[in-house]
Amino acid sequence: MFSTPRARATRLVAAALALAGSAAALVAMAPVAAAAPQAGTVTAVASAAQDTRAMWVWDTSTPAATVDLAVSAGIDQLFVAVPPNLTTSSQLPNIKALSDRARAAGIRVDALGGDPGWVDNPTWVITYWLKPAKSSGLFTGIHVDVEPYSTSAWGTDQATVVSKYLTLLDKLKANAGTYPIEADIPFWFNTIHAVASTGAASTLDREIMKRTAGVTVMSYRNTAAGTDGTLDIATPALAAGAALGKPVRLGQETNYLGATAVDTKQTFYGWTRTAMEAQLAQVNSGASASATYAGLAIHDATGYAAMAP
């Protein structure tokens, strides 16, 4: 029920190959405060978070090196991968060390988890993943990366998968207590039909935002400006976040995804950090006009650590 980084990367590449491009083509087929930002506070969050950064951490085997990297990269928040049954897991010592070091450095730590199969097993998720993660006392929030479009049913019964995914988020929220829940979403979820609680037609990005404290958009492009650049593909999510009063963080990729043109445009793999920073500065500058913009997120610690200066 819990994906490895390699498995998740494989799903991301497959989804990107099938879904990359313009929104039309898709239709055809901070530091973040410990308390969750509420509606009406997005402007304050955005003004304070334009230069803030988060980072996904799937490999928790090197706590000291990971936190040192985060500090050097100006990371304010870590999404740390948490296995099921954390309190009895062999990974607990490393995760605890990572959390303790990060907090000592002033970095917020959220529990990261997710798998497409979660949409069919919300009770399992609550019992074996959420509750142990909460009871560990190591985290400030909950961060989920479920990717429901990777389920086999997505292509044959998308409406049911969407409904199940939203039900999962409802149950996570109901059982999270004071822990804010954030979710990763692809930039094209604005093209996916969903039904609001009122029965009205809606879109999946908006329904996810309604159920969470904020989202991180997988706006994976290695150019900031222009058609099909990060700012272009992130525009619908930023607009939806502004309309709903929810912070929107923009994700950027650093891992190897493949050798095709579609693969390479989605990642800074092979770039230097200096060259990447020039693009990220443009993303910050362009996105800061949106009241909902809550900073950047780097996927992931392993990919970023491998980049040359």
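Now for a quick tour of the structure. Bear in mind that the values here come from a model prediction, so they are computed numbers and not experimental data.

## Brief notes about the overall build of the chain
For the chain, the count of helices and strands is 12 helices and 10 strands. Expressed as a percentage of the 309 residues in the chain, the buried residues total 54%. Carbon and sulfur atoms make up 57% of the accessible area of the chain, which amounts to about 12000 Å² in all.

## What to know about the sheet that holds strand β10 (residues 293-299)
Spatially, the eight strands close up into a barrel ordered β1-β2-β3-β4-β5-β8-β9-β10, and their pairing is parallel. Recorded for the sheet is a direction-independent mean angle of 25° between the axes of neighbouring strands. Contacts from helix α8 (residues 204-211) reach β5 (181-186), β8 (214-218) and β9 (248-253) within the one sheet, and its direction differs from that of β5 by about 170°.

## Points about the pairing of β10
Buried residues dominate β10, accounting for seven of its seven residues. Sheet analysis places strand β1 (residues 53-57) next to β10, joined by three bridges and oriented parallel. Bridging across to β10, R53 finds its partner in L296. Pairing analysis gives five bridges linking β9 to β10, with the strands arranged parallel. Of the residues in β10, the one forming a bridge with V248 is Y293.

## Brief notes about the pairing of strand β3 (residues 108-113)
For β3, a buried count of six out of six residues is recorded, marking the element as mostly surrounded by other parts of the structure. Residue alternation in β3 divides its side chains into two sets, R108, D110 and L112 and V109, A111 and G113, and both sets are buried. Examined bridge by bridge, strand β2 (residues 77-81) and β3 share five bridges and lie parallel to one another. By the bridge assignment for β3, V80 is matched with A111. In this view, the connection linking β2 to its parallel neighbour β3 by way of helix α5 (residues 92-104) has right-handed handedness. Looking at chain direction, β3 and strand β4 (residues 141-144) are connected through four bridges and run parallel. Counterpart to A111 in the pairing with β4 is I142. Once the chain exits β3 it traverses helix α6 (residues 122-135) before rejoining the sheet at β4, and the crossover so formed is right-handed.

## Some words on the nonpolar core
One finds L78, Y165, F189, I208 and L250 to be the most contacted residues of the largest nonpolar core, which totals 82 residues. With seven residues, the top contributor of residues to this core is helix α7 (residues 158-175). Excluding residues within four positions of it along the chain, L78 makes contact with M55, V57, A70, L98, A102, I107, R108, V109 and D110.

## Notes on α8
In terms of residue burial, α8 counts as a mostly covered element, since six of its eight residues are buried. Buried residues of α8: L204, D205, E207, I208, M209 and R211, and no others.

## Some points on the packing of aromatic side chains
Counting across every chain of the model gives 11 aromatic pairs. Each ring, one from W154 and one from F189, has its centre 6.5 Å from the other, and the planes form 20°; the classification is stacked. Taken together, the positions of W154 in the loop between β4 and α7 and F189 in the loop between β5 and β6 (193-195) put the pair 35 residues apart, joining distant regions of the chain. You can call W154 buried: its relative accessible area is 11%.

## Focus: unusual backbone geometry
Most peptide bonds take the trans form, and the phi angle of most residues other than glycine is negative. Residue D300 is reached from H299 by a cis peptide bond, and omega for that bond is -5°. With respect to the secondary-structure elements, D300 resides in the loop between β10 and α12 (301-305). Its identity as a non-glycine residue notwithstanding, N85 has a phi of 50°, on the positive side. For N85, the location among the structural elements is in the loop between β2 and α5. The class of N85 is partly exposed, set by a relative accessible area of 33%. Phi is positive for D228, which is not a glycine, with a value near 70°. Assignment of secondary structure puts D228 in the loop between β8 and α9 (230-244). D228 gets classed as buried once you look at its relative accessible area, which sits at 17%.

## Quick word on the pattern of salt bridges
Using the criterion set out here, one finds 10 salt bridges in the structure. Its salt-bridge partner being E277, residue R53 comes within 2.6 Å of it at the nearest N-O pair. Of this pair, R53 sits in strand β1 while E277 sits in helix α11 (residues 273-287), placing them 224 residues apart in sequence. R53 sits in the buried class, given a relative accessible area of 12%. Residue classification places E277 among the partly exposed positions, given a relative accessible area of 27%. For K164, the salt bridge goes to D120, with nearest N and O atoms at 2.9 Å. Residue K164 is found in helix α7, and its partner D120 is found in the loop between β3 and α6; the two are separated by 44 residues along the sequence. For K164, a relative accessible area of 36% corresponds to the partly exposed category.

About the thresholds
Numbers given to residues run from 1 along each chain, matching the order in which its sequence is written. pLDDT decides what is reported in this predicted model: residues at 70 or higher carry local features, side-chain atom pairs at 80 or more are listed and counted, and totals for whole chains, interfaces and linings draw on all residues regardless. Note that the side-chain values use all heavy atoms of the structure and ignore hydrogens as well as water. Strands here mean DSSP runs of E at least two residues long; helices mean DSSP runs of H or I at least four residues long; both are numbered from the N terminus. Relative accessible area decides the class of each residue, using a 1.4 Å probe on protein chains only: under 20% of the type maximum gives buried, over 50% gives exposed, and in between gives partly exposed. Accessible surface is estimated by sampling points in the Shrake-Rupley manner with a 1.4 Å probe; for residues, cover comes only from the protein chains shown. Pairing between strands requires that DSSP locate at least two bridges from one strand to the other. The convention used is that axes are lines fitted to C-alpha atoms, helices contributing only their stretch in contact, and that angles between N-to-C directions extend from 0 to 180 degrees. Contacts are assigned to residue pairs with any non-hydrogen atoms lying within 4.5 Å of each other. When the strands point away from the viewer and the path from the first strand over the helix to the second turns clockwise, the crossover is right-handed. As used here, the term nonpolar core means buried Ala, Val, Leu, Ile, Met, Phe, Trp, Tyr and Cys residues forming a set that is joined through side-chain atoms within 4.5 Å. Under the pairing criterion, centres of Phe, Tyr and Trp rings, with the six-membered ring standing for Trp, must be within 6.5 Å; the plane angle then separates stacked pairs below 30 degrees from edge-to-face pairs above 60, leaving the rest tilted. Just to be clear on terms, a salt bridge is a Lys or Arg side-chain nitrogen sitting within 4 Å of an Asp or Glu carboxyl oxygen.

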